[in-house]
Each structure stands twice: as structure tokens, then as C-alpha cells.
Amino acid sequence: MRREGSVFQGLGAVVLKELSDQMSSIRIFVLEFLVAAIAFVALYRAIGRLADTTAEDPFVFLRLFTVDTPPVPSFAGLLGFLIPLVAIGLGFDSVSSEHNRRTLSRVLSQPIYRDALLMGKFLAGMATLGIMLLGLWLLVIGAGLLLLGVPPSGDEVMRSLVFLIIALFYCGVWLALAMLLSIVFRSAATSALVALGLWLFFVLIWPILSSALAMVIAPPDVRYVLLGLPTPATVEMQQVLARFSPNQLFAEAVLAILSPSTRSLGPIFLEQLQGAVVGTALPLRQSLLIAWPQIVGLIASTIVLFVAGYVVFQRQEVRA
Amino acid sequence: MTENVISARGLTKRYRRTTVVDGIDFDVAKGEIFGLLGPNGAGKTTTILMMLGLTDITAGEVRVLGYDPVRQPLAVKRRAGYLPDSVGFYDYLTAAENLAYTARLMGFAPAERTRKIAEALSRVQLGDVAKKPVRTFSRGMRQRLGLAEIVMKGAEIAILDEPTSGLDPQATVDFLALIERLKHEGVTVLLSSHLLDQVQRVCDRVALFQTGRIVLQGTVAELAKEVLGAGFVVEVDAVAPSGADLEARFLAIPGVSAVQRAGDRYRLTAVRDVRPDAARAVVAADGALTQLSVDTPSLEAIYTRFFQRKARPEGVRDAA
């Protein structure tokens, strides 16, 4: 059965309203302060370390994102850890709050489809996260210029912009997940707890669990064990399982893009490296090809989670 | 025959096993106030949601201003205003900002927006609190703001779901006055309520809901005739000279079905206003007439009587 009228009717109004709500909320202020503060620490330590080696490294700017100074992880690593938190903070009550404030039926009785409301909330969330990421990106580039005293090369700027886009899709996964939970659960507290639980699961538990599971599914071969080597089948299985986590996908994609010398994200045999000049940089195109499955994985997860939320939302009763 | 703006035929809503609205038929003429009446859970809100395309219709059809809410929900929602049961607003926004969001969703031009919002707010006496956040509003003010939204939309139909429940008596009177003013401007009003005396005060016609069916429909007088067997109760206070049997004289008046006597007060139940005849009868008996009044039976009496009758098995179907 066809419905008349555009599903995009009112989309702009919803996006603007949500965006202005988010921008003026204390919640986003706190989250952004948190992210900026932590990013600043990571950056400060990275610059301290890089200042000595500036002259030797052709990709010194990208190092700003990737170098880690224990105990502080790298800037990119920190983003992988914090982006979910910010996205969850933005999305965990986006639909349930409309229910609880009893504004949903009033808003939906205006000439818009539900599609516009959901899409508008998602796009506004993405815009907020995008602005935040762009701000951080400028912070890194600016700090690099000032403190390292070298301008970034064109390739470095391109790579860092690709990194920005990957980070945005990583945001998308978590935002879509948080919104799905806000649709499924009427209580904001439940939705927040489940979202944070999933976040901790993927950040802390899944890396450990996936290697344990891999041991069970593809047990190590005795011949390799005797030689003190990892079994290829086990390693592969472990990687397959680990990649179910968006954090892993993000980390791998970032590695390929920001470390131009990365040639593979999985285990490779020595003979596969024959003829390769190990340690030299790949062109951006080649790095993109390496990270492409991970990038597609992030985009696909965003879409799947959003569609799931969309379907549930369409079938939901509006009455409180 | 006046033009029907809403007409429902065999409208049915079923959730898995339970039937919430069971094949109802009704028509609402342009410019009238139509009351949906019945206990909570009788299917009033579901009927309203189906009319606005906010919930799926299981069977039957409904037309609002000639549009099908299933296929043309935007056209319906642009022309019909909906004030949900315990309406919610964005607490942190001001009254004017809340309306501005609706105006944007309606697609009004910016200049038009400001003018319409100011007009609508002053119409419901909220002009001086337009810049105050809605969280400071009382319940009555929120309901009025909801009505302002409908006014601002320029809706041809106002659908009000339990608009006066939880309001104090003065707020209720004010609100009902606003509804009547809407009617004078040619807006058709559909009012759902379980508060009988209010419905009686403003509604031209009512439909009585019970467990998903409309069991009675018509003007209050028609319902009274059908349920109580009479539309009017005339009270006569008269002192008759000894010997004159006023009771018999009243009973002889055509149209009077029963006479009750309590001292010098007589209650005449009649199908029409029999005051002139009653006065004549008293004078003819040489009695002294001290008071004469007519009472249309209250909806409450009709309602109570109807459900009492329904409780008896033989009366179950004939009333519907």
C-alpha cells in the first residue's frame, strides 16, 4: 500500500530542533569536555615524544594520532574508546524521552511521517558528533603545527581526513545502536545501562572472549604448539570473531590508514612478503583497499542497526 | 443533510486476540461538536489514532475531510489538530518555541510563523507567558497551549482527547469556552471524555462507547428518549385545593409518561416540554402555582440507566 507525500517532509525541522537541543544541552557539554581533555593529554604526551624525532619521520603528523605513550593510549585509540560513550550519551534516550514527555503523539500528529522524526534525530546526532570530531581534528592539526613546527603533507591531510570519516561511521554504529535501544526500552535508564554494558563488553570482554572462543572452535594444532608457533587456523578464527566488535573494525581501519606502512591486517606468511620493501609507505589508495572491508563493515553495521530501529519504531504504538 | 467531515464505516482495530474497536460507524457533520463518550479503555483513543493514521486499521475504513488516513496521512494531519490525552511539551523550551517547532513541521514561512504563534497564544490567554519555559506551566496552561497549537495550525477539525481531565473547575470552564469559540469559527470538534456533564454542556451529539462498540449515538435528547423513555422532566411546585387531584390531571396531559409526587412537588416525565400544559392544569384545578421548571435529563442519568439495563440479559442487544 502506498502512502502519499514525501517521507522527508519535516526532516529539516526535526534536524534543526534536535541539533539545537543537543548543542545547548549540558550533557553534550560534559561529554565534549571529557573527550577534549583526554585527547589533549594524549596529544601532549605524543608531541613530547615526537619532538625529538621530527626530522626522521616522513609521516610525523600521522604519528600524532597513533603514537602511544604508556600508560596513555594513542589519540586514535582513545577515540575508539570514547566515541561510543559520546554516541551513547547522545542517543540513549532520543526516542524514549519523547514517549516519557508525552510529546511523541503530538509531534507525530503534525504532517510528518515517523521516518522523518527518526531520521532527523539520527542525522542531528551525526552532525553533532561530526562537529565534535572535526573540532578534535583541527585541534590535532593545530597543535602539530604549533608544537612540531612542520606543516602536514597533502598525503597526511588526506589520510587524516579519511580517518575522520571512518571515525564518523564508527560514531554512526554506536549512535544507531543507542537509538535502537531507546526505541526498544521505554525507560531511559534501562537503555543507557544496556548500551553501556554492550560498550564495556566490546571494549573489555570481547577481545578476551574471542580468543578463548577461537581456541574452542579451532583448537591449536599440536605440531605448531611444539614449534612454539601460533596455529594459523586459530589465529584466523580469533580474528574473525574479534571483528564482530565495531571497536576492532575501527582499530584495524585506523591502523591501515594512519600507519602507511601497514600491508595487511591479518596474519600473513613470510613468503607473501617476498619482494615487498618492508617498512616503506603504501599509497593512500592501497591503504584504503586494505581498510576497505573494515570500513564497509562499519557502514553496514550503522545501516543494519538503524534499519532495525526503524522497523521497531514503525510498528510501535504511539500512545503512551 | 449537512456535509460530513468525518465518517467511519465498520472501523475495527484488533491486537492479536483482543478487539479494541469493533466495527463502529459514525458520521461527524461540519461545524458540530461531537462527543466520544465512555469509560476508560472503551476504544475512544484508538478510534482517534486510527482517524489520524497514527495506528493501523484492521478492518473497515474512515474518511477525514474526504482523505484516507491510511494512504494520505499527511493530508489528514495537516488539516486536523490533535490534542492528546495529557499532552506533553518540551519543558525546556518556551511556549512560543514549542509552537515554532510545530509551525516548522507544518512548513509555515518564518514571517507567517511569528504572526500565527502570537495570535494563537493570545487566543488562549497565554500571550503574556509566551516567553516562559513550559516547565513552569500548570496543567490547565499546558492544555490551553495544546489548543493554541491547533488554532495555529488553522485546523479544520480539532480532535481533543480527554482535554479537561485533571483540570480544576475554573480551568475546565475556561477550556470549554475556548472549545465553543472554536465551534463558532466553523471548526469541527471531536471531543473524547468520560466526564459526562462536560460533554453534555458542549456537545451537539454524542456517541457512547462500550468495550469497542458505539452502543448509543445521537443528541442528548434523543438518547434520553431512547434510554429513559422521555426527554424532559418538568418540576411543578403547586398547592391544590383539597379535592383536586393534580396528579391525575398531570397524567392526563398528552406526552406525560409518569408523575412522581413529593409533598407539593410533582415531577413529570414527558417526551416534550409540557410546562404550558402543566401550568394550565394547575390553574384549571384552581391551584396555586409556585414554581415551574424543566430539566433535560442529565447524560449521567442516561448513562447510568443504560448500563443498568445492559446488565439485564434481555436488554443487551435491543439498545444498540
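Residues numbered from 1 in each chain as written. Chains lettered and ligands numbered in written order. Predicted model: local features only at pLDDT ≥ 70, side-chain atom pairs only at ≥ 80, totals over all residues.

A. Expanded view of the sheet that holds strand E7 (residues 188–193) of chain B. All names here are of chain B. Read from one edge to the other, the open sheet built from six strands follows the order E5-E6-E7-E3-E8-E9, with strand pairing classed as mixed. Pairing within the sheet leaves two strands with one partner each, and these edge strands are strand E5 (80–83) and strand E9 (213–218). For this sheet, the mean inter-axis angle between neighbouring strands, taken without regard to orientation, is 15°. Judged from the five bridges that link them, strand E8 (residues 205–210) and E9 form a sheet pairing that is antiparallel. Note that in E9 the partner of Phe 209 across the bridge is Ile 214. Strand contacts of helix H5 (residues 139–153): E5 and strand E6 (157–161), with the helix running at about 175° to E5, the strand carrying the most contacts. (Pairing = 2+ DSSP bridges. Helix = DSSP H or I, 4+ residues; strand = E, 2+ residues; numbered from the N terminus. Axes fitted to C-alpha atoms, helices over the stretch in contact; angles between N-to-C directions. Contact = placed C-beta atoms within 7 Å.)

B. Geometry of the nonpolar core. If you look at the biggest cluster of nonpolar residues, it comprises 153 residues, and the most contacted ones within it are Ile 166 and Leu 175 of chain A. Per element, the largest residue contribution to this core is 17 residues, and it comes from helix H8 (residues 154–184) of chain A. Residues in contact with Leu 175 of chain A, not counting those within four places in the same chain, are Ala 87, Leu 90, Gly 91, Phe 122, Gly 125, Met 126 and Leu 129 of chain A. Grouped together as the second largest cluster of nonpolar side chains are 16 residues, Phe 250, Val 256, Ala 281 and Val 282 of chain B included. (Core = buried A, V, L, I, M, F, W, Y, C linked by C-beta atoms within 7 Å. Buried ≥ 20, exposed ≤ 12 C-beta atoms within 10 Å, placed from the backbone.)

C. View of helix H11 (residues 232–242) of chain A. Residues and elements named next belong to chain A. Among the residues making up H11, those that are buried are Thr 234, Met 237, Gln 238, Leu 241 and Ala 242. Projection of H11 onto a plane perpendicular to its axis shows the buried side chains occupying an angular sector of 135°, all on one side. Elements that come into contact with the buried residues of H11 comprise helix H9 (188–217) and helix H12 (246–258). (Arc of directions from axis to C-beta.)

D. Broad picture of the environment of Lys 132 of chain B. Residues and elements named next belong to chain B. Looking at where Lys 132 falls in the secondary structure, it is placed in the loop between helix H4 (110–123) and H5. Here Lys 132 falls in the partly exposed class, since 14 other C-beta atoms lie within 10 Å of it. Counting along the chain gives 114 residues from Lys 132 to Leu 246, while the straight-line C-alpha distance between them is 64 Å. With near-sequence residues (within four places) excluded, Lys 132 lies in contact with Thr 94 and Ala 95.

E. Structural view of the packing of helix H4 (residues 75–91) of chain A against helix H7 (residues 114–148) of chain A. Residues and elements named next belong to chain A. Where H4 meets H7, the closest approach of the two axes is 11 Å, and the angle between their N-to-C directions is 155°. The angle between the axes of H4 and H7 places the two elements in the roughly antiparallel class. When you trace H4 past H7, the crossing you get is right-handed. Contacts from Phe 75, Val 86, Ala 87, Leu 90 and Gly 91 in H4 reach Gly 125, Thr 128, Leu 129, Met 132 and Val 140 in H7. (Parallel < 35°, antiparallel > 145°, perpendicular 65-115°, else oblique. Left-handed = near helix turned anticlockwise from the far one by under 90°.)

F. Just the sheet that holds strand E1 (residues 4–15) of chain B, in detail. All names here are of chain B. Read from one edge of the open sheet, three strands run E2-E1-E4, paired in antiparallel fashion. What marks the edges here is a single partner per strand, and that holds for strand E2 (18–29) and strand E4 (59–64). Each neighbouring strand pair of the sheet contributes to a mean axis angle of 15°, computed without reference to strand direction. With eight bridges connecting them, E1 and E2 associate as antiparallel partners. Bridge pairing links Lys 13 to Val 21 in E2.

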